[in-house]
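Tertiary structure, described
The lines below spell out each chain.
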Amino acid sequence: MKKILIFAAALMSIAPMACKAQKPQYEYKGDNAAGGNSPGDRPALVVQTGAEQFSAYLPLLKGKRVAVLVNQTSAVGAELLPDALLRQGVKVVTIFSPEHGFRGNADAGAHVKSGIDTRTGLPVISLYGDNKKPKPEQLKDIDVVIYDLQDVGVRFYTYISSLEYLLEACGEQQKEVIVLDRPNPLGNIVDGPVLQSKFRSFVGMQSIPIIYGMTPGEYAKMLIGEGWMKAKNVRLTVIPCANYTHKTLYRLPVAPSPNLKNMAAIYLYPSLCLFEGTQVSVGRGTDAPFQQYGHPALKNYTYSFVPKSVEGASNPPLKGQTCYGELLASDANSAYRLTESGFQLKWLLKAYQNYPDKANFFNSNNFFSKLAGTDQLQEQIKKGMSEEAIRKSWQADLDKFRSIRAKYLLYES
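Numbers given for residues are sequential positions, taken from 1 along each chain in its written order. Reporting in this predicted model follows two pLDDT cut-offs: at least 70 for local features of residues, and 80 or more for side-chain atom pairs to be given and counted; totals over whole chains, interfaces and linings ignore these cut-offs and use all residues. Neither water nor hydrogens contribute to the side-chain values; these are computed over all heavy atoms in the structure.

Structural notes on the overall build of the protein
Quick reminder of the rule: What counts as a helix is a DSSP run of H or I of at least four residues, what counts as a strand is a run of E of at least two, and both are numbered from the N terminus. Remark: exposure states derive from per-residue accessible area (1.4 Å probe, protein chains only) relative to the maximum for the residue type, with buried under 20%, exposed over 50%, and partly exposed in between. What makes two residues a contact is simply this: any of their non-hydrogen atoms within 4.5 Å. Surface accessibility follows the Shrake-Rupley procedure with a 1.4 Å probe radius. Residue values consider only the protein chains on display as shielding.
A tally of regular secondary structure across the protein gives twelve helices and 15 strands. Relative to its 413 residues, the protein shows a buried fraction of 60%. Of the contacts made within the protein by residues no fewer than 6 positions apart, 75% connect residues no fewer than 24 positions apart. Accessible surface computed for the protein: about 16400 Å², of which carbon and sulfur atoms make up 48%.

This is the structure in C-alpha cells:
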C-alpha cells in the first residue's frame, strides 16, 4: 500500500481547482529580477518554504545518511540547503544536481559533469546527460533523499522529470524521499495542450498540460497516487509550504536557471519556449531571454536583437545575426498582464504568418512536437486555424487532467 506522509502545522483542505487566473495581490516595482535579491532576502509575500521549516523534517533525518537533490534555488535564508543541514548536524553524504548543474550556470541541454563541491567536500552527482536516474550504486549508502528545487510549473522544465526519476529509483531501492515543497509561480493556471504518450521524453514525461498548476509536492503525490511510475510503495514525505495558496502570486527570490533571469521571463516562458522547436530565437544569448523572439528573415517587425555567447548560452541559436521580432515585456507587471489568462499562442501564430519559408519554420528533429506534447498543434498552425479553434481542441483533455489534479492539491485554490 502506498504510504504518503504529509507534515504541516495544519493541513489545508483540498478545494476545487480554480481555472481562472487571479489578479495580482501586489505589484512588482520595476523589473524585480528573480535573483535580484541579495541572498537571504524573503520574497514579497510572507511564504515559508518547506526547507525553512526545520522542526517538521529534522527529526526525520536523525541518525540517517542523507542525500539532497538541489541547486542554487535550494536556499534556506542565506544558505544553501546542504550547508544548512550540515550546520544542523545532519549527515549529508551526497549532492545530486539537475539540469544546469549544482550552481545553476550550465547551458540548457548541456552535459553536466559530476564532481566535488569545494565548499563541503561532498560528491556532486549530476542527474542530467547520461545519468538522469540515480543508479542503485549511487543510492547504496543512502537512507533518505531530499528533493528541494524551485520549479516554474511548466511541463517541459525538466526539474519535475528529475523528480520522477528520483522517486522511481528510490522506490526500486527502498529509500525514503522527502520533498521540501516550494511555491509554483504559475500555480493558479492550468492550460495548454496535454501531452500524448507517444511524445514522452525528458521534456515531458506524463500526460499533463504545458502549465499544470501544482507544486513539486503535489505533483509527486499525483505521480504515486495515479500509478504513473514503474516503482511501487514509494515512501514519500512532503513538507508543505506555509502561508501559500494557489492564488498566491509568488516572486522567486533566486533565478531558477540561467535563461530565466527574472519574473517577466518566467511568466512568458510557457508560451515562448515552443519557439525552440522552430527556426526562431527566444533571445538566448541576450540580456532578455524568454522576453523576446526574433529571426533574421521575419517580416513586418522593426525591433531587433543580436544573440551573443554569454554564460548559460555559450553558443545560442542565430549567434551574431540580427533577429527581427518583438520584445514582449521588459518588466514583470507587463508580462503578467500578457499571460495571466494562461498559455498564449498568438506570438507563435504571428511569427509563422510572417516567416517567408513556412515549409522550414519548424525544426526537422520533431522537437516542437515534444515540447507541445502533440503533433496536432503543428498541423493546426500549418492549416491556419485560429487560436480559439486550436484551444477548443484540447479542452476535453484539460478537463480530465483538472479532475485528477484536484485529488492531490495540498493548498487552497
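So, next bit.
Here we look at the side chain of threonine 245
Counted only if it meets this: Polar contacts, as counted here, are pairs of nitrogen or oxygen atoms within 3.5 Å of one another; within protein the pair requires one atom able to donate a hydrogen and one able to accept it, and residues that are adjacent in sequence qualify only if both atoms are side-chain atoms.
The topology assignment puts threonine 245 in the loop between β12 (235-239) and α6 (263-272). Residue class for threonine 245 comes out buried when judged on its relative accessible area of 18%. In this structure the side chain of threonine 245 is engaged in a polar contact, spanning 3.0 Å, whose partner is the backbone nitrogen of lysine 247. Not counting residues up to four positions away in its chain, the partners in contact with threonine 245 are Tyr411 and Glu412.

A few points about the sheet that holds strand β14 (residues 303-305)
Stated formally: Strands were regarded as paired on the criterion that DSSP finds at least two bridges between them. Note on method: axes are straight lines fitted to C-alpha atoms, helices fitted across the in-contact stretch only, with angles between N-to-C directions ranging 0 to 180 degrees.
Taken in spatial order, the three strands of this open sheet run β13-β15-β14, and their pairing is antiparallel. The sheet terminates laterally at β13 (292-295) and β14, the two strands that pair on one side only. Between one strand axis and the next, the sheet turns through 45° on average, direction left out of account. Here β13 runs beside strand β15 (residues 323-327); their pairing, made up of four bridges, is antiparallel. Looking across to β15, one finds that glycine 294 is bridged to glycine 325.

Quick word on the packing of helix α4 (residues 159-172) against helix α5 (residues 216-225)
Threshold: Every angle not falling under 35 degrees, over 145, or within 65 to 115 is termed oblique; those three ranges are roughly parallel, roughly antiparallel and roughly perpendicular. Each crossing gets its handedness from the near helix: less than a right angle anticlockwise from the far helix is left-handed, clockwise is right-handed. Amino acid classes used here: Ala, Val, Leu, Ile, Met, Phe, Trp, Tyr, Cys and Pro are nonpolar; Asp, Glu, Lys and Arg are charged; the rest, including Gly, are polar.
The geometry of α4 relative to α5 is characterised by a closest axis approach of 11 Å and an angle of 45° between their N-to-C directions. As far as their axial angle goes, α5 and α4 are oblique. α4 and α5 meet at a crossing whose hand is right-handed. Where α4 approaches α5, its residues Ile160, Leu163, Glu164 and Leu167 are matched on the opposing element by Pro216, Tyr219, Ala220 and Leu223. For the contact of α4 with α5, the class distribution of residues is seven nonpolar, no polar and one charged.

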